[in-house]
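Structural overview
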Amino acid sequence: PVGLLVTTLIGYFLGSLPFGYLVARAYGVDIFKVGSGNPGATNVKRVLGEKFGPKGKRAGNLVFVLDAVKGAVAAAWPLLPGIVLAEERLLGLAGLIAAVLGHSFSCFTKFKGGKGVATAAGGLVVLMPVSCLVGALVWLLTFATTRYVSLGSILAAVAVPATSWFRLYQGKTSLPFSLVATALGLFVIIRHRENIKRLLAGTETKFVKKSPPAA
Ligand code: NKO
């Protein structure tokens, strides 16, 4: 129980680190007030890319890396050799859930936050690499064909638990992993509810490469 408490608190703290907000603020932008209003990598890249060009786009990529790394660290540290916390492997799952909740309800930004995609992906790389790989492929394929980042995230959030349940059926994973994959998937989908409304209404923003102005 002490292990669970410590893992959860550290996970929540790491997840709360508001990298999207901080990186945008370094460029003088309040990310909660522009674009989709989401402090995630997509909106930072969208908004800073428009204002500052390639440098701004790189800032968006940096937010993805930082948000993913905090999820990975929250999930991985309880599993490091030499760290003896009673329930061991399952604690990584608790750390990841706490990190995603921290990311979305950050104690540093008045309990506002992002949609949890990058943070979940970082933790899943560590804890469920196969399901994560399938999710990433679904994300890439969806984005490449539709240019909707949000739809990619939503379908990845279906693919990750689906893969995990299939692996449970194959005897290659255990129930807690499939349950956590399902919880994370549902959470990510619920966080995209405004995107879902826009997708259905046909008003969701596509992530388009700006073509250079005609000569
Ligand atoms: O601003 O509302 P917006 O259009 O920004 O943003 C919607 C977007 C929010 O998410 C992000 C993070 C972008 C990360 C993209 C990398 C995707 C790698 C996919 C790995 C699959 C893991 C899915 C985990 C679900 C449980 O969606």
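Figured I'd write up the structure that's included with this text. Predicted model, so just to flag it, every value in this text is computed and none were measured. (Residues numbered from 1 in each chain as written. Predicted model: local features only at pLDDT ≥ 70, side-chain atom pairs only at ≥ 80, totals over all residues. Heavy atoms only, no water.)

With respect to the overall build of the chain
If you tally the helices and strands in the chain, you get ten helices and zero strands. For the chain, the N- to C-terminal ordering of α and β elements is α-α-α-α-α-α-α-α-α-α. Relative to the compact-globule value of 17 Å for 215 residues, the chain shows a C-alpha radius of gyration of 17 Å, a close match. Overall, the C-alpha framework of the chain stretches about 65 × 35 × 25 Å when taken along its three principal axes. Classification of the 215 residues of the chain by burial places 45% in the buried group. Contacts in the chain between residues at least 24 apart in sequence constitute 62% of all its contacts with a sequence separation of at least 6. As presented, the chain carries roughly 11,200 Å² of accessible surface, and 72% of it is formed by carbon and sulfur atoms. Within the chain, one finds 23 positive and 7 negative side-chain charges whose respective centroids are separated by 8 Å. (Helix = DSSP H or I, 4+ residues; strand = E, 2+ residues; numbered from the N terminus. Rg over C-alpha atoms; globule rule 2.2 N^0.38 Å. Buried < 20%, exposed > 50% of the residue type's maximum accessible area, 1.4 Å probe, protein only. Contact = heavy atoms within 4.5 Å. Areas by Shrake-Rupley, 256 points an atom, 1.4 Å probe, with all protein chains shown as cover. Lys, Arg positive; Asp, Glu negative; His and termini not counted. Charge placed at Lys NZ, Arg CZ, Asp CG, Glu CD.)

Points about the nonpolar core
Within the largest apolar cluster, 15 residues are counted, with the highest numbers of intra-cluster contacts made by Leu 93, Leu 96, Val 100, Leu 124, Leu 127, Met 128 and Leu 184. Elements represented by at least two residues in this core include exactly helix H5 (89-104), helix H6 (117-127) and helix H9 (175-191). Of the residues forming this core, the biggest block, five residues, is contributed by H9. Membership of the second largest hydrophobic core comes to ten residues, among which are Ile 31, Ala 41, Val 47 and Ala 59. (Core = buried A, V, L, I, M, F, W, Y, C linked by side-chain atoms within 4.5 Å.)

Focus on the side chain of Ser 131
Within the fold, Ser 131 resides in helix H7 (residues 129-146). Taking relative accessible area as the criterion, Ser 131 reaches 3% and is therefore assigned buried. The residues touching Ser 131, leaving out its near neighbours within four places in the chain, are Val 160, Thr 163, Ser 164 and Arg 167.

So, the site of the ligand
In the vicinity of the ligand, 23 residues are found, and the nearest of them are Ser 36, Thr 42, Lys 115, Ser 153 and His 192. Separating an oxygen atom of the ligand from a side-chain N or O atom of Arg 46 is a distance of 2.8 Å. When the ligand is considered free in solution it has 730 Å² of accessible area, and contact with the protein chains removes 94% of it. Of all elements in the fold, only helix H3 (41-52), H6, H7 and helix H8 (149-169) reach the threshold of two or more residues within the shell around the ligand. Sorting elements by how many residues they give to the shell around the ligand places H8 first, with five residues. Taken together, the residues that form the shell around the ligand break down as ten nonpolar, eleven polar and two charged. (Near = heavy atom within 4 Å. Polar contact = N/O pair within 3.5 Å; in protein donor to acceptor, adjacent residues only side chain to side chain. Nonpolar A, V, L, I, M, F, W, Y, C, P; charged D, E, K, R; others polar.)

Some remarks on a nonpolar patch on the surface
Together, Phe 64, Val 65, Val 69 and Val 73 make up a nonpolar patch on the protein surface, roughly 320 Å² of accessible area in all. Structurally, Val 69 is set in helix H4 (residues 54-76). The exposure class of Val 69 is partly exposed, given its relative accessible area of 43%. (Patch = residues over 30% accessible without salt bridge, like charges linked within 9 Å, V, L, I, M, F, W, Y side chains within 5 Å. Salt bridge = Lys/Arg side-chain N within 4 Å of Asp/Glu carboxyl O.)

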